[in-house]
Amino acid sequence: MNGSKEEFRERLRRLRRETESAPARRAPRSGMPEWLRRRLATGKARDSDPIREGGGDSPLRTRGLPLNLRTAVRGGETHAFRLQVFSPEHRHGLRRLRSVFEVDPEVFALLSGDPSLRGLELRSAVFLDTETTGLESGAGVFVFLVGLGRFTGRGFELWQGFLRGPEEEPALLREAARRIARARAVVSFFGKSFDRHRLEDKMRIHGVEPPFGGLRHLDLYHPMRRLHRGRLGDARLATVERAFCGFERDSDLPGSEAPGAWMDFLDGRPHLLEGVFAHNRDDVLSLVALSSWLGSIASTEDPEGGERREPPGGEGVRRLEIARGYAGLGDLEAARRSYRGALEILGEDAPDLPAALLEYLGLCRKARAFGEAEGAAGRIRTAAEALLDGNPSSPPGQALLRGLRQAALLFERDQRRLEPALACTRLALRLLARAVGGAPPSLSLDFEKRLRRLEARRARSGGRVPEGPR
Amino acid sequence: MTQEGAGREIELGGVPEGGGVRRVLGGRRVEEIVRLLKEGEAWRDRIPHWVEVPAREGHIVPFPEGLRPEIVRVLEERGFDGLYAHQAEAVRLALDGRDVCVATPTASGKTLCYTIPILQSLFESGGAAKALCLFPTKALSQDQTVGFTSMIEAMGESWNCCTYDGDTPPAVRRSLRARGHLILTNPWMLHQGILPNHAKWSDLFRDLRWIVVDELHTLSGVFGSSVANVLRRLLRVARHYGASPRFLASSATLREAGEHAARLFGREVAVVDRDGSPSGKRYFAVYDPPLVDPGRGLRANALEEARRLAAAVCGPGHQTIFFCRRRTAVEVLTRYLKESAARLGLRESEIRGYRGGYLPAMRREIERDLKEGRTKVVVATHALELGIDIGALDVAVLVGYPGSQASFRQRAGRVGRRGEPSLVVQIARSDPLDQYLVRHPELLFRSGGERLALDPDNLVILSEQLKCAAFELPFREVEGGLPDEPEFGAVEAVPGILEYFAEESGFLRRRGGRFFWMADAYPAQDVTLKGNEPDNVVILDRESGKAIGEIDREGSITTVHEGAIYQVEGETWKIERFDYENRRAYARRVDSDYFTDAHTETELRVLRLEEERRHPRSGEGLKWDVRVGEVHVTTLATLYKKIRFYTRENLGAGDIRLPPEEMDSECFLLGLSEETAAELGLRGGDRGAAWRAVGAILRRVAPLHLRCQPSDLGLSARIRDPHFERPMLYLWDRVMGGVGLARLLFEEHMVLLSAAREVVANCRCGSGCPACVGPSEEVGPEGKACALEVLSRLRA
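Residues numbered from 1 in each chain as written. Chains lettered and ligands numbered in written order. Predicted model: local features only at pLDDT ≥ 70, side-chain atom pairs only at ≥ 80, totals over all residues. Heavy atoms only, no water.

Draft legend 1. Seen up close, the pairing of strand β26 (residues 584–590) of chain B. Residue and element names in this part refer to chain B. Across four bridges, the pairing between strand β22 (residues 536–541) and β26 is parallel. When the sheet's bridge partners are listed, Ile539 is paired in β26 with Ala585. Between strand β25 (residues 571–579) and β26, which pair antiparallel in sequence order, lie four residues; one of them, Arg583, sits at a positive phi of approximately 55°. (Pairing = 2+ DSSP bridges. Helix = DSSP H or I, 4+ residues; strand = E, 2+ residues; numbered from the N terminus.)

Draft legend 2. Seen up close, the sheet that holds strand β21 (residues 514–517) of chain B. Residues and elements named next belong to chain B. Taken together, three strands build an open sheet; the order of strands is β19-β21-β20 and the sheet is antiparallel. Where the open sheet ends on each side, the last strands, each with one partner, are β19 (475–476) and β20 (508–511). Of the strand pairs in this sheet, β20 and β21 are connected by four bridges, and their pairing is antiparallel. Residue pairing across strands places Arg511 opposite Arg514, the latter belonging to β21. Relative to β20, helix α21 (residues 494–505) is tilted by about 100°, and along the sheet it contacts β19, β20 and β21. (Contact = heavy atoms within 4.5 Å. Axes fitted to C-alpha atoms, helices over the stretch in contact; angles between N-to-C directions.)

Draft legend 3. Quick peek at the interface of chain A and chain B. Counting residues at the interface gives 45 residues for chain A and 50 residues for chain B. Interface area, chain A with chain B, both sides summed: about 4300 Å², of which 52% is carbon and sulfur. Between Lys200(B) and Asp201(A) there is a salt bridge; the shortest N-O distance is 3.0 Å. When residues in the side of chain A that touches chain B are grouped by element, the largest group, nine residues, is from helix α1 (residues 5–16) of chain A. Residue composition of the side of chain A that touches chain B, grouped by class: 16 nonpolar, eight polar and 21 charged. (Buried area = accessible area lost by both parts, 1.4 Å probe. Salt bridge = Lys/Arg side-chain N within 4 Å of Asp/Glu carboxyl O. Nonpolar A, V, L, I, M, F, W, Y, C, P; charged D, E, K, R; others polar.)

Draft legend 4. Just the environment of Glu649(B), in detail. Turning to its location among the elements, Glu649(B) is positioned in the loop between β28 (624–644) and β29 (650–655). The class of Glu649(B) is partly exposed, set by a relative accessible area of 38%. (Buried < 20%, exposed > 50% of the residue type's maximum accessible area, 1.4 Å probe, protein only.)

Draft legend 5. Structural context of the pattern of salt bridges. A complete count under the given rule lists 97 salt bridges over all chains for this structure. Within this structure, Arg74(A), Arg150(A), Arg154(A), Glu157(A), Glu175(A), Arg178(A) and Arg179(A) form a network of salt bridges that share partners.

Draft legend 6. Quick peek at the side chain of His615(B). All names here are of chain B. Residue placement: His615 occurs in strand β27 (residues 594–615). There is a polar contact of 2.8 Å between the side chain of His615 and the side chain of His749. With residues near it in sequence (within four places) discarded, His615 still touches Leu622, Lys623, Trp624, Asp625, Val626, His749, Met750, Arg795 and Ala796. (Polar contact = N/O pair within 3.5 Å; in protein donor to acceptor, adjacent residues only side chain to side chain.)

Draft legend 7. How the structure looks around helix α7 (residues 138–154) of chain B. Residue and element names in this part refer to chain B. Its 17 residues place the ends of α7 25 Å apart at the C-alpha level, agreeing with the 24 Å of an ideal helix rising 1.5 Å per residue. For α7, every residue scored as buried is listed here: Lys138, Ala139, Leu140, Ser141, Gln142, Asp143, Gln144, Thr145, Phe148, Met151 and Ile152. In this structure, the buried side of α7 is in contact with α4 (69–77), α6 (110–124), β6 (161–163), β7 (182–185) and α15 (360–371). (Expected span 1.5 Å × (residues − 1).)

Draft legend 8. A look at the side chain of Asp434(B). All names here are of chain B. Secondary-structure assignment places Asp434 in helix α17 (residues 432–439). Classification of Asp434 by relative accessible area gives buried; the value is 2%. A polar contact is formed between the side chain of Asp434 and the backbone nitrogen of Tyr401, at a distance of 3.1 Å. Dropping the residues within four chain positions of it, Asp434 is found in contact with Gly400, Tyr401, Ile427, Ala428 and Arg429.

Draft legend 9. Quick peek at the nonpolar core. Counting 86 residues, the largest nonpolar core has Ile118(B), Leu182(B), Leu384(B), Ile539(B) and Val560(B) as its most contacted members. Take this core: its biggest share by element is eight residues, from α6(B). Those residues within four positions of Leu384(B) in sequence are excluded, and the remaining contacts are Ile321(B), Phe323(B), Tyr354(B), Leu370(B), Val378(B), Ile390(B) and Arg414(B). Listed in part, the 78 residues of the second largest apolar core include Leu12(A), Leu459(B), Val626(B) and Ala702(B). (Core = buried A, V, L, I, M, F, W, Y, C linked by side-chain atoms within 4.5 Å.)

Draft legend 10. Focus on the packing of α1(A) against helix α19 (residues 459–472) of chain B. Close contact between α1(A) and α19(B) brings their axes to 9 Å; oriented N to C, the two are set at 85°. Judged by the inter-axis angle, α1(A) sits roughly perpendicular to α19(B). Residues Phe8(A), Arg11(A), Leu12(A), Leu15(A) and Arg16(A) of α1(A) form the contact with α19(B), whose own contacting residues are Leu459(B), Val460(B), Ser463(B), Glu464(B) and Lys467(B). Residue composition of the contact of α1(A) with α19(B), grouped by class: five nonpolar, one polar and four charged. (Parallel < 35°, antiparallel > 145°, perpendicular 65-115°, else oblique.)

Draft legend 11. Representation of the sheet that holds β22(B) within the structure. Residue and element names in this part refer to chain B. One open sheet holds the five strands; their spatial order is β23-β22-β26-β25-β24, and the pairing between them is mixed. The open sheet is flanked by β23 (547–552) and β24 (565–568), the only strands paired with a single partner. In this sheet, neighbouring strand axes are inclined to one another by 35° on average, regardless of whether the strands run parallel or antiparallel. Across seven bridges, the pairing between β25 and β26 is antiparallel. Note that in β26 the partner of Thr572 across the bridge is Val590. Its contacts with the sheet put helix α14 (residues 327–339) on β23, β24 and β25, and the angle it makes with β24 is roughly 65°.

Draft legend 12. Just the packing of aromatic side chains, in detail. Counted by the stated rule, this structure contains 31 aromatic pairs over all chains. Judged by centre distance (6.2 Å) and plane angle (35°), the ring pair of Tyr339(A) and Tyr360(A) falls under tilted. Linking Tyr339(A) in helix α11 (residues 332–345) with Tyr360(A) in helix α12 (residues 353–366), this pair joins segments that are 21 residues apart in sequence. For Tyr339(A), a relative accessible area of 2% gives the class buried. Accessibility expressed as a relative area gives 6% for Tyr360(A), which makes it buried. Between Phe507(B) and Trp517(B), the aromatic rings sit 5.4 Å apart at their centres with planes inclined by 10°, giving stacked as the arrangement. Of this pair, Phe507(B) sits in the loop between α21 and β20 while Trp517(B) sits in strand β21; the two residues are 10 residues apart in sequence, bridging distant segments of the chain. (Phe/Tyr/Trp six-rings, centres within 6.5 Å; stacked < 30°, edge-to-face > 60°.)

Such coordinate-based values are descriptive only and should not be taken to indicate function.
Structure follows, in structure tokens:
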């Protein structure tokens, strides 16, 4: 290397074009190309000023290490953690922690469409939530806080394993793996897609056997999303816990700021760390509360009394999801029963009605319950006619069109009645004619072919369809 | 759109089975074609040079001792009664635990050199050993997957061999991570997909025994230097999981193959380069199209000549390959040949096109048909230059010189069956370089070949790659600097860069003697390897919505702009809409009697000048200066011409409305003062061409000092620069943001000028040749003398 260290750095700066020494470059330049913006933005690990001293007297801001942080030595390795115990009577929003034992565990299998969750015992489950330095996958992402909650004889015990520095990673992962492996099941929010993989990846790097292999995993994210289907604006944990458990976080540190808080801590500025611990604690408690809410929705009575929060679509949607759960698990009898219940409640203008009718009609045809099927087909036709009579600009949904196709199939194949089959087909084509560019061409093509076929058959048979097996 | 199509109706009827032409031409062999070309009136004057290389016996040796009987059995079943000497040597070295590079010509059986050691170790480890194989294209890795799988099946084993690339579905990715014994992928996937997520691949890394690097000669310049660093990362990740894999590499014949491999792998490599495969007699001809405009030295269009030549070199009894330089040329020639199939004694279906951008299934079909002899004629781009297995063919016609000796040899290597004669015809274009080769065909055969440049320690490439490496595993420092590891630890600049990242950029945190990655970004996403990244535009049939082809982004602006005629094996499609943002082009099948040819313009704008040095520093002499700065390079497709098939008549033009391809980079500028320009007589005309020659020679010698490839640098020479109003040369990094090549040029410019002067002064040509300033057709009769004068008189 030629010259001094500073000379080398200067050379590197110039070559990497990170000209921090030339402040003019940092000001936004008009018409600056995107790549340059990106390059400058990635020139530093973080754009924001890391020093956030002063301002506010929130209890979550501390000057030293988080309170009650303890260390333990296992196998010669040290890890840090905090332990808290909550009474089973502890209320998280509207729900007591212990209400999770008063719900029908069958419902988790039902709503997740996952038969392996049948008979899930939440008493022996671990409630898992982590904080990481990035939302991408990859070996360089750190899991710096692992929150694990479980019920013990003393109440709900929350263990928060904390990474005081990257060098303690193997110890923390080994301890977390040991604690997870003790449980019979895992409960998380989006953890099947995220937390579990971040932990597994890191464990493999450090030669720790990942504990998830034999464990059942209830991921609350998917059933929750199905229950509110976009009607809450987003599907984040903070949103659903507010809507269904009535839990409001005050002075919460947003999850997106957690990585910065941890990196500040590594640089000797631990003042935001308490907020990260509190955020993670609330996340884990919400897992319990949401499990309790989700578990209660199949029964007529909520163990929390009259305070159950209905999903945005109301009881109809709740029952519909249960019906779908039964169908997913293959219990078609129970599914049809639940669909009937849901359809009684869903109003004619409920957004979920066409899809519910389509699915129900399919089930009835499968069970050869043609009487029931005919009722559903009738309601589909009514919905289609109402749409035609109503606002001409509102396009028909896919579910309604596919419902009409099911209805046409019912009449043509199952019941051998050409006229109603023709009526359904014509209805669909009229709706499609109004859907400007909205409907897929394959669907139009399908109905056109069907119309030609039905008309040809009617012409051949003079309106009568010969009886016989199809 | 024209539907009538001039001249389309000629041969639609085809030739009946066993028709006269087919019978007559069916017996034609290479020797007869050679006689026809040498003696036939239509040809003999067009081919001033013939070179004949006598047949060579193969050198076959018994299978190496200790080779598993299962492997020997399968090889014997496939007709092997031993190995060529070079294969046996490579296998023996590999099994002795050496890193091996096989550098022998195309079709000399290089694949077996790495297949056998891998299979042997799979047997010896009871199926535990793993191999990671890198190929420069997706097509090659898919091709090799088929080959490996069939060997494994023939041995009755159930080891898994899988391709891992951008097309691999997520579900398959999961299973091949856990169960793949051989993973076939490319450098880009390794860089952005596998290494950053090495935990998911821990099963592979734990038992990684072999790293296969195929077509080593494609790894040079900025791309090769980046890949060298990706390999450093691969080795350190493997070491983390306790594996110490060996390299098995293959390369085209290369000058200093061992040195090149050693720089890429960072360790000594045993080179096997004595080709033991047999070859029949080989004929080489250089074909010079007739002059059509003697005044301007313009010769008949090479593609038209190829079409004429087809009558002599194609036939039902042998296989012929045409190599074209451009995709459009492949399509036009394919169409011509299909339309004259009957006269060639062929069915239309026996003539195929082949280029990058055809869909994988179609490519596989063509490759199979070539191998099994059903396809008699194929028209291809360099896509068939690499090691795709199509068997050996008989005649190769190169339409235009491919630009390098290595490429020429790869293409020529496509022909020559065991013990049979073969023929290679190089058609020269009007291009100065091609015309030079007509006069000096010995250049094609001169031994040695080009030397490949590589600089894994380029500071910008190295520091970007260090970010990726630190993300993957922390660096541990030892007392006083270098990290405690063999790969990056041996590089002097590394400690300085790590400290810089830790103390200035904040990407790394230094704790307890280790550097940890500590940022919420995923560095590999922002780090490019350069090279022809598979970043494709898909061409869709508007009617069915099905994909009919794909094209890289760079080529898309001239190929699938609105109004373009897109061709697939002679069928024509008109592009109706090009969704540039989403990389989709929508086409409709039409019957077009013309094709389209688009023009691009490159513009250079100086954004900022950073440093300047004026010469001479003291005393008397010509005044000149050098600078380094930042430039904005815009490439814009401006218009396209409609050209009628056959007649090449211009049917009109259209505008192309696409956003420009833009790039900011670093640039080295060399300028002469007005007085200097006047003194040297640099005013335009021939002397203007000589100014460009100065640029060309600098660009040619720069790689030796900068360890890049000439193609890594862009060149613009202006005899009267609009901004500076005097002669200026611009040489810029052709990588987004630059990798410091321009700055190195700036710092080393005196060395470079003297190297350039030496090359020109020592060249024995009269007035310029491709080895120095370029042929005189390009630089003018005074070009060489003038360039030499400029180079000699620029003093510090």
